[in-house]
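Residue-level listing of the chains:
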Amino acid sequence: MPQDPMDFEWSYWIEWGRERILWLLAGHLLVSQVSRLLVEKYKPWCLMVYGMAACWLLLGVRGFAVILLHAAISFAVAQFQLSLLTWLCSLILLSTLRIPAVEETKRKWYDTENEYYLLLFTVSVRCLFCTSFSLEYCWHAPTQKSSHSFPWMLAYVFYYPTFHNGPLVNFDEFSKQMRRQEAFSVKTNLSILIVGIIRIFFWWCLAELMIHLMYIHALYSSALPLESASYWALGGLALAQVLFFYVKYLVLYGVPALLLRMDGLKPPALPCCVSLMHSFTKMWRSFDVGLHRFLVRYIYVPMGGSQSSLLGTLLSTALTFAFVSYWHGGQSYLWYWGALNWLGVVVENGTKRILSISLIQDLI
């Protein structure tokens, strides 16, 4: 039975996974387990070298040079230890991905559009990792200098399981866990690997069934069936789409999360089922946990967050969603999406504040 070809993200990553990425992840797993068994002290550097080699192999010398250049520029700017300057640098580097002349130059480096898109996706995710390291560098104490060096930045930026598509792990969490040396048990790790592979295989089969049987995205691509459908049918289609999105990210984040556990690290929690969510706030906290932690630590809290005035809280939330929209591409529909999510969160939090007033509680 033919599959629904309209979900670009699923088709793209499954194709790359089958061709090369799964094999490179298997190579990372082998290097990681051997280094944990024999040279635990040097594990970060072994994984760094492997990640750089994998990047070179997939993206070529020019793609590798772009990511290394981004890291070097971010590290150089971080030396001033000014958060605002670091953010300015990060936004400028991110904006270079949208300059038409730069895009055309990068396209000429590769034979296919898929190779160019792999570079684009990888660099956009690496921008977040560079930002995380640079801000932590701005905030670190002099006693933490050794763990905030340029080699540690490279170990973080070129860590391969999270390299192309995430999930996002903040540098403070990564460095603490990577420097921690634990007892290594082949038996325990083998059981984690087997159970993890079974679960991911189940999620993948479920996603493939949805792609082959439901044709959700094909229906959305044509106006005629949507115009003739009832509101109940449209609601069912919307639910089916977000459920597929959830299952898709169980696979796309499940694979790197399994490798993180095999490396002795604690990955961000996998997405929570969307059917269990009833609020915008919970959706943002529970779906992409790594991205949520990044936004809270580096944007929301530094801007004042919930501890500031009402206007300050609204501004903190607005800037957070503005960055999310810009990072995802900055197209007009993304700004509308970000604005609607911001409005949903504001309405929810405003309602909670009103309901917390003692007079309202007495009335209830």
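Since the structure is predicted, the reported quantities are computational estimates derived from the model, not experimental observations.

**Q** Quick rundown of the nonpolar core? Include the residues and the values.
**A** Ranked by internal contacts, the top residues of the largest apolar core, which has 90 residues, are Leu-59, Phe-158, Phe-174 and Phe-323. Among the elements that make up this core, the one with the highest residue count is helix 2 (residues 43-78) (14 residues). Here this core spans two domains, since at least three of its residues come from each of domain 1 (8-179) and domain 2 (269-363). Discounting chain neighbours no more than four positions away, the residues touching Phe-323 are Trp-87, Leu-91, Leu-94, Leu-128, Phe-294, Leu-295 and Ile-299.

**Q** So what's going on with the packing of aromatic side chains? Residues and values would help.
**A** All told, the structure shown has 35 aromatic pairs when counted by the stated rule. Residues Tyr-156 and Phe-171 carry aromatic rings whose centres are separated by 5.1 Å and whose planes lie at 70° to one another, so their mutual orientation is edge-to-face. With Tyr-156 in helix 6 (residues 150-157) and Phe-171 in helix 7 (residues 171-179), this residue pair connects regions lying 15 residues apart in the sequence. We classify Tyr-156 as buried; its relative accessible area is 0%. Pairing Phe-294 with Phe-323 gives two aromatic rings, centres 6.2 Å apart and planes at 25°, and the pair type is stacked. A residue pair is termed long-range when its members are at least 10 positions apart, and Phe-294 in helix 13 (residues 289-300) and Phe-323 in helix 14 (residues 310-327) qualify at 29 residues. A relative accessible area of 10% places Phe-323 in the buried class. Members of the aromatic cluster, each reached through a chain of ring pairs, are Phe-75, Phe-129, Phe-133, Tyr-137, Phe-150, Tyr-156, Tyr-159, Phe-171 and Phe-174. Sitting over the ring of Phe-129, Arg-126 keeps its end group 4.0 Å from the ring centre.

**Q** With reference to specific residues and values, describe the pattern of salt bridges.
**A** A complete count under the given rule lists eight salt bridges for this structure. Across the salt bridge formed by Glu-40 and Lys-43, the nearest N and O atoms sit 4.0 Å from each other. We note that Glu-40, like Lys-43, is buried. Among the ionic pairs, Arg-293 bridges to Glu-173, the shortest N-O distance being 3.6 Å. With Arg-293 in helix 13 and Glu-173 in helix 7, this pair connects stretches of sequence that are 120 residues apart. Owing to a relative accessible area of 33%, Arg-293 belongs among the partly exposed residues under this scheme. Residue Glu-173 is classed as partly exposed on the basis of its relative accessible area, which comes to 21%. Linked by salt bridges that have partners in common, Asp-7, Glu-9 and Lys-248 make up one network.

**Q** I'd like to hear about the UniProt feature "transmembrane region" (unreviewed entry) in the protein, residue by residue, with values.
**A** As annotated in UniProt, the feature "transmembrane region" (unreviewed entry) corresponds to residues 20-39, 46-69, 75-95, 116-135, 150-169, 190-211, 231-252 and 310-328 in the numbering used here. Structurally, residues 20-39 comprises 95% helix and 0% strand, and the distance from its first C-alpha atom to its last is 27 Å. Between the end C-alpha atoms of residues 310-328 the distance is 27 Å, and the span holds 95% helix and 0% strand.

**Q** Help me get a handle on the packing of helix 6 against helix 7, residues and values and all.
**A** Closest axis-to-axis distance for the helix 6/helix 7 pair is 11 Å, and the angle between their directions is 100°. With respect to each other, helix 6 and helix 7 are oriented roughly perpendicular. Note on element contacts: helix 7 touches helix 6 through Phe-171, Phe-174, Ser-175, Met-178 and Arg-179, opposite Trp-152, Ala-155 and Tyr-156. Tallied by class, the residues present in the contact of helix 6 with helix 7 amount to six nonpolar, one polar and one charged.

Analysis parameters
- Sequence positions are assigned chain by chain, starting from 1 and proceeding in written order.
- Totals for whole chains, interfaces and linings use all residues, but because this is a predicted model, local features are given only for residues with pLDDT of at least 70 and pairs of side-chain atoms are given and counted only at 80 or more.
- The basis for every side-chain value is the complete set of non-hydrogen atoms in the structure, without hydrogens or water.
- Put simply, a nonpolar core is a bunch of buried Ala, Val, Leu, Ile, Met, Phe, Trp, Tyr and Cys residues held in one set by side-chain atoms that sit within 4.5 Å of each other.
- Exposed residues in this analysis have more than 50% of their type's maximum accessible area, buried residues have under 20%, and partly exposed residues fall in between, with area computed by a 1.4 Å probe over protein chains only.
- Helix and strand definitions follow DSSP, with helices as H or I runs of at least four residues and strands as E runs of at least two, each counted in order from the N terminus.
- Domain segmentation is taken from an automatic or database assignment of domains.
- Any two residues whose heavy atoms approach within 4.5 Å are treated as being in contact.
- Here a Phe, Tyr or Trp ring, Trp counted by its six-membered ring, pairs with any other such ring whose centre lies within 6.5 Å, and the pair is stacked when the planes are under 30 degrees apart, edge-to-face when over 60, and tilted otherwise.
- Each ring is checked for a lysine NZ or an arginine CZ that lies within 6 Å of its centre and within 35 degrees of its normal; such an atom marks a charge sitting over the ring.
- The working definition used for a salt bridge is a side-chain nitrogen of Lys or Arg within 4 Å of a carboxyl oxygen of Asp or Glu.
- UniProt positions are given in the numbering used here, feature names are shortened, and annotations may be inferred rather than shown by experiment.
- Only the contacting stretch of a helix is used when fitting its axis, a line to C-alpha atoms as for every element, and angles between N-to-C directions run 0 to 180 degrees.
- Here roughly perpendicular refers to angles of 65 to 115 degrees, roughly parallel to angles under 35, roughly antiparallel to angles over 145, and oblique to all remaining angles.
- Gly falls in the polar group here, along with every residue not listed as nonpolar (Ala, Val, Leu, Ile, Met, Phe, Trp, Tyr, Cys, Pro) or charged (Asp, Glu, Lys, Arg).

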